[in-house]
Amino acid sequence: MIPKTLDKEWIELLGDEFTKPYFAQIIAHYKAALESKQIIFPQAKHTFYALNLTPPSRVRIVIIGQDPYHGSVMVQGQEIPQAMGLSFSVPNGVPPPPSLRNIYQELHKTLGIKIPNTGDLSVWAKRGALMLNAILSVEKGKAGSHRHFGWEHFTNAIITKLCAARQGIVFMLWGNYARSKAHLIDERMHKIIQAPHPSPLAKGFIGSGVFVQAQKAFLSMGQEPFDWNLES
């Protein structure tokens, strides 16, 4: 079953992935979670938000996360999920989590990018940064709770087919989990930049120079550097 909300370019690129048994399993698990009254993040309309903001033909960077934020915060008396369907990103008005704050610190330290007031990274997505979580849903308050759904079969296929269809993409693999995806990427056609996870618990991301490395990678492939600025 092809998701009704998914971008047509991705539907064409992914082809028969939607007819494979694993995808039927994902749908079945998701429906069962809804029927059991689970609160699922991100909201259903944002499950494929990363793909819809960044069609295959526009992808310049892939930033891989693990699974969506499972928490929520109160903003002006309203409970807002942190997850919005983009790895590391939170909706406008939601305070940036620690990992995102470290991302901002590294950008500021190495490229002089002004630290923004927003945690919404959709501007990057529209410029060609595919902010892809390996697992596309989670139960509220339970990190990794949808790992068994089969999402990784789908997102691995996204990486593999994107690599085959395009060239000159920079893949940002932060932390051991993201690094485990390196075998899916053809380094003859693309660039891989690895670093510790930006979580304060991991240590080592700040000072890793990942954004400088990304800019150099683009230049080495004859491309313009990426615009990381989030200020209007």
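This write-up is about the structure you can find in this document. The model shown is predicted, which means the values in this text are computed figures rather than measured ones. (Residues numbered from 1 in each chain as written. Predicted model: local features only at pLDDT ≥ 70, side-chain atom pairs only at ≥ 80, totals over all residues. Heavy atoms only, no water.)

**What about the sheet that holds strand β7 (residues 170-174)?**
Where strands meet in a sheet, backbone hydrogen bonds hold them as pairs that are either parallel or antiparallel.
Turning to step 1, where the next piece is worked out: What the four strands build is an open sheet, ordered β5-β2-β7-β8; its pairing is parallel. Single-partner strands in this sheet number two, and they are β5 (129-133) and β8 (191-195). Geometrically, the sheet is characterised by an average inter-axis angle of 20° between neighbouring strands, direction not taken into account.
Turning to step 2, where the next piece is worked out: Bridge count for strand β2 (residues 61-65) against β7 is three bridges, and the pairing is parallel. (Pairing = 2+ DSSP bridges. Helix = DSSP H or I, 4+ residues; strand = E, 2+ residues; numbered from the N terminus. Axes fitted to C-alpha atoms, helices over the stretch in contact; angles between N-to-C directions.)

**Some thoughts on the pattern of salt bridges**
Turning to step 1, where the next piece is worked out: Applying the stated rule across the entire model yields eight salt bridges.
Turning to step 2, where the next piece is worked out: In this structure, the salt-bridge partner of D16 is K161, at a minimum N-O distance of 3.7 Å. With D16 in the loop between α1 (8-14) and α2 (21-35) and K161 in helix α6 (residues 151-165), the pair connects residues that are 145 residues apart, well separated along the chain.
Turning to step 3, where the next piece is worked out: Residue D16 is classed as partly exposed on the basis of its relative accessible area, which comes to 43%.
Turning to step 4, where the next piece is worked out: One salt bridge connects E17 with K161, and the closest N-O pair in it is separated by 3.3 Å. Remark: K161 occurs in helix α6 and E17 occurs in the loop between α1 and α2; sequence separation between them is 144 residues.
Turning to step 5, where the next piece is worked out: Several salt bridges share partner residues, and in doing so they unite D16, E17, K20 and K161 into one network. (Salt bridge = Lys/Arg side-chain N within 4 Å of Asp/Glu carboxyl O. Buried < 20%, exposed > 50% of the residue type's maximum accessible area, 1.4 Å probe, protein only.)

**Brief notes about the side chain of H146**
Turning to step 1, where the next piece is worked out: Relative to the helices and strands, H146 resides in the loop between β6 (138-139) and α6.
Turning to step 2, where the next piece is worked out: Polar contacts involving the side chain of H146 include one to the side chain of S137, which spans 2.7 Å.
Turning to step 3, where the next piece is worked out: Beyond its immediate sequence surroundings of up to four residues, H146 is in contact with A33, Q38, I40, I135, S137, V138, E139 and W151. (Polar contact = N/O pair within 3.5 Å; in protein donor to acceptor, adjacent residues only side chain to side chain. Contact = heavy atoms within 4.5 Å.)

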